[in-house]
Amino acid sequence: MTEPTSTTTRLTVAQALVRFLAAQYTERDGVRRRLVSATWGIFGHGNVAGLGQALLEYGEYGESGAYAAVSPGGTAAGTPVMPYHQGRNEQSMVHAAVGYARQSNRLSAQAVTTSVGPGATNLVTGAALATINRLPVLLLPGDVFATRPADPVLQQLEVPYAGDVSVNDCLRPVSRYFDRITRPEALIPAALQAMRVLADPVDTGAVTLALPQDVQAEAFDWPVGFFAERVWSVRRPAADPEELAAAVRAVREARRPLLVAGGGVHHSEAEDALRRFADLTRIPVASTQAGKGSLAWDHPADVGGIGHTGTATACELARTADLVIGVGTRYTDFTTASGTLFAAPGVRFLNLNIASFDAHKLAGQPLVADARTALTALTEALAPHGHRAADSYVTEYTDDKERWEYRVDAAYEAEDPDTRPTQPQVLGVLDALVTGDDILVNAAGSLPGDLHKLWRARSRDQYHVEYGYSCMGYEIPAAIGVRMAAPDRPVWALVGDGTYLMMPTEIVTAVQEGIAIKVVILQNHGYASIGGLSETVGGERFATAYRHRSADGTYTGRPLPVDLAANAASLGMRVLRAKTVDDLRTALAEARAADTPTCVYVETETADTVSGAPPAQAWWDVPVAETATRPSAVKARELYERLAATRRRHL
C-alpha cells in the first residue's frame, strides 16, 4: 500500500505519535539505527484506550497498511512498526530501556508508557537514573483529562493552588526535556524536540511527554510530512584548534600525567583511539566505574579503577599526578575521593568532554569535543614530537600494577574448594569462566566496589556497572535490556540479596520473552555494603542485617528464613544452587551454556573469617555525628575530621 495522496491523514494523537516514532533514526559514522526501537508498557485507564490502542494498531506483523506507510522502502515481513514489551513494574521498565540504550552506545533508545497516578510516579527513579547517567529513554505517561469533564478523576492529585499540576510534574526535575500535550497540534513541535534531545550526546537523558488520556484518543488531521523518515545526526564535534594546542602543551609539559577514562569513552566508541594514545605516550590510564574497560585490563598502561573503590596503583598515581587528563568523566565524589585524591601541589586538569559543563570542572583546561575525535587529534599532534612518559615513571606504575594483580589473585583464590565462597571468590570463579563476549551488569551494594577493584575487563562493553545513581533493583531489568541489544552474548546480572528483594519481578518478563539472562544471587543476609559503611562511621551496623529481632529489640537474632532461590523459581526461572566453590564453578558453567533464563544462587562467606577484597584505597566523605556518647561514633568523628582536613578545592 502506498502513502495517500492527501496532504493530511486523520489519526488519534496516540496513533500519530507511534507512527512518528517508527520513522525516526539516528546516524553516526554512516551507520543508521532506529532511534526508538520498541515500547515497554503497563496499561491502565490513563493509556489503555490511547497508546494501548495505537500500539495494537501499529504493532501488527505483516504487510498492513500502517506498516507500509511508516516503512519507506519496505521492511521484511514479520517486523512490527513498533514492537511492544510487557513489563511488571514501571521503574524496572525504565531500567530495561536504559540498559538497552547503554549497550547501544546511546544511538538507539526505547520508550516506556504508563497509566496516570502510581504508574507515572513509578517512573521517577528510573528517569533520574537515566538523566544522571546521560542515557536516553522516552517516557510516555498518561495524564489526567485536559478537558476536565470530571475533576478529580481516578488517581488524580488535586493541587488547590494550581489546576495545571499533575503527578507527572514530579518528572520535570529528572527529565532533560518535558512537555504536556494538551492539544493534538502541540504534539508536532514537542515530538521533534523530544527526538532532538534523545539524539543529542550532550543533552540526552530522560525525555517525558505527558499525555492526557482524552487527548491521546482525540483525532486530528495530521500533515503527512510529520510521518516522513527523519535521520538525526549524532555529532562528533572536533576540538577547537586553540584548545587543542593548549592541550598538547599541557601534556608535553607534564612529568607525571594520569588519564582518567570515564563513560564518555564508551559512549563515543573511543576505545581504539584511547589505546593508540596510550601506546604512543605510555601515559597510565585509570578508569571510573562508567569507564572501566576503556582499555583491556592487560594493556600495559591500564592501572585499574580510580577513587574510593579503585586500585592502590591508580590512587597512588592520582595523589602524585601533576596533570590529570579527564576523558568523558563527570568527576564524581567517588572518583575524586571527595576532593582528597589529587593531592600534588600545582596539579592541573585537562578535561576532554563533549559537554562544556563537565569540561570546566575542577577549574580544568577544557577540550570540548567528541572523545574519539579529540583523542585522535591529540595523538596525531603529539606524534611528531615523539612524546612519551619517562621510563622511570612507566617502570613505577608497571611494578605497582603487578603487585596489585597479586592482591587480586589472593582475593580470588579459594584454598579449599569445598567451603562456602566469599564474594570476591565468586567473582574469581566467574572471571575464570567468561570471555570478552560476556557482559556483567551490576549497580548497588558491595559488589560495585569489589568489581571496580578486582574485575579484569576483557572487552570494551563487558563491564556494565550503573554507579551514577547506584540504584538497587537495576540489575535484572537492565540485563534484559542489554540482552535485547546484544542477543547473542551471555549477559549476567549480579545481585545481592538486598538488591534482589527490591525488584525481582522482571524475571517474569525474561521468562515470558525467552530472554536468556543469567542471574547470580549472592545471599549475605542483609545490606552488606551499608553495614560496612555504618561500622566505619560509628553506626555499628545498625539495622543493616536481615535477621530476627533479639530480646533487646535489635536485629541481631537468627538470619531470616527467606529462600530467594525458591522465589526465583516461583517466578519461572531455572535455579541452580551452589553451596561450595566447586558447586559454584559447575553451576556458573551450566548457566553460561543455558539458552533459557537461569539463576545461580549462592550463600557467601563473610570477609570476617576469610580473606576478602582489599580495603578502600581512598577516602569517601560521609559526615559523622559531630556529637555522640557512643565510643564508636566519637572515634569515627576523630578520624573523619583528620581526613576531611585534607580536602582541597582546585582553583
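Every residue gets a number counted from 1 within its own chain, in the order that chain's sequence is written. pLDDT decides what is reported in this predicted model: residues at 70 or higher carry local features, side-chain atom pairs at 80 or more are listed and counted, and totals for whole chains, interfaces and linings draw on all residues regardless. With hydrogens and water stripped out, all remaining heavy atoms of the structure feed into the side-chain values.

Examining the overall build of the protein
Numbering goes from the N terminus for both helices and strands, where a helix is a DSSP run of H or I of at least four residues and a strand is a run of E of at least two. Per the secondary structure count, the protein includes 25 helices and 23 strands. For 651 residues, the compact-globule estimate of 2.2 N^0.38 gives 26 Å, and the C-alpha radius of gyration of the protein, at 26 Å, lies within 12% of that figure. Taken along its principal axes, the extent of the C-alpha atoms in the protein is 75 × 70 × 55 Å. The buried label applies to any residue whose accessible area, calculated with a 1.4 Å probe on protein chains only, is under 20% of its type's maximum; exposed applies above 50%, and partly exposed to all values in between. Out of the 651 residues in the protein, the part that is buried amounts to 57%. By definition, residues are in contact when any of their heavy atoms lie within 4.5 Å. Summarising the internal contacts of the protein: among those between residues at least 6 apart in sequence, 76% fall at separations of at least 24. Total accessible area on the protein stands at roughly 25,900 Å², and carbon and sulfur atoms take up 53% of it. By the counting rule applied here, Lys and Arg register as positive and Asp and Glu as negative, while His and the ends of each chain are not counted. A charge is said to be at NZ when it belongs to Lys, at CZ for Arg, at CG for Asp and at CD for Glu. Computed over 60 positive and 73 negative side-chain charges, the inter-centroid distance for the protein is 3 Å. When we talk radius of gyration, it's over C-alpha atoms, and the globule rule is simply 2.2 Å times the number of residues to the 0.38. To measure how exposed things are, a 1.4 Å probe is used in the Shrake-Rupley method; for residues, cover is taken only from the protein chains shown.

A closer look at the packing of aromatic side chains
Pairs were defined over the aromatic rings of Phe, Tyr and Trp, the Trp ring being its six-membered one, requiring ring centres within 6.5 Å. Orientation was assigned from the angle between planes: stacked under 30 degrees, edge-to-face over 60, tilted for the rest. Here the structure, examined in full by the defined rule, presents twelve aromatic pairs. Taken together, a centroid distance of 5.4 Å and an interplanar angle of 85° make the contact between Phe342 and Phe349 edge-to-face. Definition used: whenever NZ (Lys) or CZ (Arg) falls within 6 Å of the ring centre and also within 35 degrees of the ring normal, the charge is taken to sit over that ring. If you follow Arg19 out to its NZ or CZ, it ends over the ring of Phe227, 4.5 Å from the centre. A cation sits over an aromatic face here: Lys292 above Tyr463, 5.6 Å from the ring centre.

Some remarks on helix α15 (residues 371-382)
Side chains of residues three or four places apart in an α-helix project in the same direction, reflecting 3.6 residues per turn. Compared with an ideal rise of 1.5 Å per residue, which puts twelve residues at 16 Å, α15 spans 16 Å between its outermost C-alpha atoms and is within 8% of the ideal. When we look at burial in α15, the residues that qualify are Ala371, Ala374, Leu375, Leu378, Thr379 and Leu382. For α15, the buried positions fall inside an angular range of 135° around the axis, keeping them on one side. Working rule for helices: expected span equals 1.5 Å times residues minus one. The arc in question is formed by the directions pointing from the helix axis toward the C-beta atoms.

With respect to the sheet that holds strand β3 (residues 31-34)
Pairing in this open sheet of three strands is mixed, and the strands run β3-β2-β11 from one edge to the other. Of all strands in the sheet, those bounded by a partner on one side alone are β3 and β11 (230-233). The mean inter-strand angle of the sheet, taken between neighbouring strand axes irrespective of direction, is 35°. Strands are labelled as partners when DSSP assigns at least two bridges between them. Of the pairings in the sheet, the one linking strand β2 (residues 24-28) to β11 comprises four bridges and is parallel in character. Its bridge partner lying in β11, Tyr25 is registered against Val231. Under this scheme, a helix contributes an axis fitted over its contacting stretch, all axes are lines through C-alpha atoms, and angles between N-to-C directions fall in the 0 to 180 degree range. Along the sheet, helix α1 (residues 13-22) makes contact with β2, β3 and β11, crossing β2 at roughly 25°.

Considerations on the sheet that holds strand β13 (residues 285-287)
One open sheet accounts for six strands, arranged β14-β13-β12-β15-β16-β17; its pairing is parallel. On the outer flanks of this sheet lie β14 (302-305) and β17 (365-368), each paired with one strand and no other. Here the strands of the sheet are splayed against their neighbours by 20° on average, with no regard to which way each runs. One ladder, built from five bridges, connects strand β12 (residues 257-261) with strand β15 (residues 323-327); its direction is parallel. Looking at β15, one finds that Ala261 is bridged to Val327. Taken strand by strand, helix α11 (residues 271-281) contacts β12, β13 and β15, and its axis lies near 170° from that of β12.

A short note on the nonpolar core
Generally speaking, a soluble globular protein has its nonpolar side chains buried in company with each other. Counting residues in each nonpolar core, the largest one holds 55 residues, and the members touching the most others are Leu259, Ile306 and Ile325. Once residues lying within four places of it in the same chain are set aside, the contact partners of Leu259 are Leu274, Phe277, Ile283, Pro284, Val285, Ala286, Ile325 and Val327. Core analysis: the second largest hydrophobic core is formed by 47 residues, Val112, Ala127, Tyr474 and Ile507 among them. For our purposes a nonpolar core is just a set of buried Ala, Val, Leu, Ile, Met, Phe, Trp, Tyr and Cys residues, chained together by side-chain atoms within 4.5 Å.

Re the pattern of salt bridges
What counts as a salt bridge is simple: a side-chain nitrogen of Lys or Arg found within 4 Å of a carboxyl oxygen of Asp or Glu. One pass over the structure, following the stated rule, counts 38 salt bridges. The partner of Glu269 in a salt bridge is Arg28, with the nearest N and O atoms 2.7 Å apart. Separated by 241 residues along the polypeptide, Glu269 in the loop between α10 (263-267) and α11 and Arg28 in strand β2 bring together distant segments of the chain. Through salt bridges with shared partners, one network takes in Asp29, Arg236, Asp370 and Arg372.

Focus: the environment of Ser392
By the secondary structure assignment, Ser392 is in helix α16 (residues 391-412). By relative accessible area, Ser392 is classed as exposed at 56%.

Observations concerning the environment of Leu140
Structurally, Leu140 is set in strand β7 (residues 137-143). For Leu140, a relative accessible area of 2% gives the class buried.

Quick word on helix α2 (residues 48-58)
Listing the buried residues of α2 in full gives Gly50, Leu51, Gly52, Ala54, Leu55 and Tyr58. One side of α2 holds all its buried residues, which, seen down the axis, span an arc of 165°. Of the exposed residues in α2, the ones pointing more than 90 degrees away from its buried face are Ala49 and Leu56.

A look at a negative patch on the surface
Only residues whose relative accessible area exceeds 30% and that take part in no salt bridge are eligible for patches, with like-charged residues grouped when within 9 Å of each other and nonpolar side chains (Val, Leu, Ile, Met, Phe, Trp, Tyr) grouped when within 5 Å. Together, Glu413, Glu415, Asp416, Asp418 and Asp583 make up a region of like negative charge exposed at the surface. For Asp583, the location among the structural elements is in helix α24 (residues 581-593). For Asp583, a relative accessible area of 33% gives the class partly exposed.

Focus on the side chain of His267
Relative to the elements of secondary structure, His267 occurs in helix α10. His267 has contacts with Arg28, Asn105, Arg106, Asn133 and Leu135, leaving out every residue within four places of it along the chain.

Some points on the environment of Asp143
Structurally, Asp143 can be placed in strand β7. Between the C-alpha atoms of Asp143 and Thr182, which are 39 residues apart in sequence, the distance is 9.6 Å. Looking at Asp143, its side chain comes within polar contact range of the side chain of Ser166, at 2.9 Å. Only 2.7 Å separates the side chain of Asp143 from the side chain of Arg180, close enough to count as a polar contact. In the analysis that follows, any N or O atom pair within 3.5 Å is treated as a polar contact, provided that within protein one partner can donate a hydrogen and the other can accept it, and provided that, for residues neighboring in sequence, both atoms belong to side chains.

So, the pairing of strand β6 (residues 109-114)
For β6, the buried fraction is high: six of the six residues fall into the buried class. A two-sided burial pattern is seen for β6, the buried positions comprising Ala109, Ala111 and Thr113 on one face and Gln110, Val112 and Thr114 on the other. Judged from the four bridges that link them, strand β4 (residues 36-41) and β6 form a sheet pairing that is parallel. Looking at β6, one finds that Gly41 is bridged to Thr113.

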